Amino acid sequence: MGVVTIKLPDVGEGIAEAELVEWNVEVGEFVREDQVLAAVMTDKATVEVPSPADGTVVWLGGEIGQKLAIGSDFVRMEVEGAGAVSDASLAESEAEAQPASPKVATEDQPPVSVTGSAANPAPKPTPADNRTSAAAGAPEQSRVQPVGSSPLAAPSVRDRARTHGVDLRLVRGTGPAGRITHDDLEAYLAGSAPVTASAETVDQVRDIKVLGLRRKIAERMSLAKQRIPHITIVEEIDVTELESLRQQLNSDRLEDRPKLTVLPFIMAAMARAIREQPGMNALFDDENDVIREHSGVHIGIATQTKAGLMVPVVRHCEARTIWEQATELTRVAEAARSGKASRDELTGSTISLTSLGPLGAIATTPIINYPEVAIVGVNRMEIRPKWNGAEFVPRKMMNISSSFDHRVIDGWDAAVFVKRLKTLLETPALIFVEK
């Protein structure tokens, strides 16, 4: 038997580090070759790391949320035959890492205070103590922990506690650092009364660590707001004629074509307006003071998924028909929502489009997808009265909110772009007419 060290593999595109977002194994578990060990996330995608051999996991090299360097020690396994490292070196490595948090596949928790010191450690209560104190209604066990505290317990213990309606802060843990074990919970259930009203009225505080995609979203949003001085223009659009055209096209569409929403028309209008103002379809490299204008219009579509906001890309919108826009939009959005979008489908946008659909407000202030220089936001559509010169008539109205990078796009140019979008959307035939 020997111990082999598995390095964090190169996940491509010159990535120097990756965030550990999930362990699929735990110490002591036997795994098969090609079984997924963990999942790591880069700026581009989530990547699964498979096992290169059969073996037993003896060490895990990181905690959920930790950023690990490519090529660093990731997992150590005991396998048949000679290993890459000896048991002695493994023990030595673990001893060196002892001051840090244990590298085991347990739920991430904040540190807790324990009574006693290194010289005079406090005696550890036993399950029997729990039973005795529970039976006697011991105040030690029933004492509510301070607001904001988070008891240490494995996910399975937490699930069981939720099933029985037990507040884990009322259970005294006998495991390392006060960790609550199944025996501790069993002792509490065997001797405690239902949760009292005083416990139910305690302010329940839950710490949620920002990890994975949510961390990436936070980083990207912060970067955009810190580096880009936004200017946002809100314009009212009369989409009565556009809606009439859309409904007519849907009623006559072939069976293999998707149902049209308003978004493909807006994408087509954006591509058409960019012909006259190519500076809107650009990336600003502010570290090198270079603006990169693209001839291809690659529109990023802000898409809400269960994991968070993602931006799949519809490429070359300038060359697609309305039906092709709709088909590709449906495909990439569904890939993002199902978690199957590839790295290429989530990168390379040159301008973005965001819409909250019927949930949209009267106006929004979209955040630019850095390093792009413009984003178009679609707001809720509704019937509003509009003066036609003689009387008020009901019209279908919709506001668009467009944000621009004011470092490279002047307010005048932004207003001209928005005005052009308004003209195209209010007279949709212009979208399809070649000059």
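Note: the structure precedes this text.
Below is a short write-up of the structure.

Conventions used here
- Residues numbered from 1 in each chain as written.
- Predicted model: local features only at pLDDT ≥ 70, side-chain atom pairs only at ≥ 80, totals over all residues.
- Heavy atoms only, no water.
- Helix = DSSP H or I, 4+ residues; strand = E, 2+ residues; numbered from the N terminus.
- Buried < 20%, exposed > 50% of the residue type's maximum accessible area, 1.4 Å probe, protein only.
- Contact = heavy atoms within 4.5 Å.
- Areas by Shrake-Rupley, 256 points an atom, 1.4 Å probe, with all protein chains shown as cover.
- Pairing = 2+ DSSP bridges.
- Axes fitted to C-alpha atoms, helices over the stretch in contact; angles between N-to-C directions.
- Left-handed = near helix turned anticlockwise from the far one by under 90°.
- Nonpolar A, V, L, I, M, F, W, Y, C, P; charged D, E, K, R; others polar.
- Salt bridge = Lys/Arg side-chain N within 4 Å of Asp/Glu carboxyl O.

Below, the discussion takes up the overall build of the protein. Along the backbone of the protein there are twelve helices and 18 strands. Within the protein, the fraction of its 435 residues that count as buried is 40%. Nonlocal contacts in the protein, meaning residues at least 24 apart in sequence, comprise 66% of its contacts between residues at least 6 apart. Per element, the accessible surface of the protein, about 23,000 Å² overall, is 54% carbon and sulfur.

What follows concerns the sheet that holds strand S3 (residues 30-31). One open sheet accounts for four strands, arranged S1-S8-S6-S3; its pairing is antiparallel. At either end of the open sheet lies a strand with only one pairing partner, and these are strand S1 (2-7) and S3. Pairing analysis gives four bridges linking strand S6 (residues 55-60) to strand S8 (residues 73-79), with the strands arranged antiparallel. Note that in S8 the partner of Val-57 across the bridge is Met-77.

Where helix H9 (residues 263-276) contacts helix H10 (residues 322-337), the two axes come as close as 9 Å, and the packing angle between them is 115 degrees. Between H9 and H10 the crossing geometry is right-handed. Residues Leu-263, Pro-264, Phe-265, Met-267 and Ala-268 of H9 touch H10, and the partners they reach there are Ile-322, Gln-325, Ala-326 and Leu-329. Considered class by class, the residues forming the contact of H9 with H10 number eight nonpolar, one polar and no charged.

Our focus in this paragraph is the pattern of salt bridges. For the structure shown, the criterion picks out 25 salt bridges. Between Glu-241 and Arg-395 there is a salt bridge whose closest N-O contact spans 3.8 Å. Here Arg-395 lies in strand S18 (residues 392-405) and Glu-241 lies in helix H8 (residues 240-251), a separation of 154 residues in the sequence. What makes Glu-241 partly exposed here is its relative accessible area of 42%.

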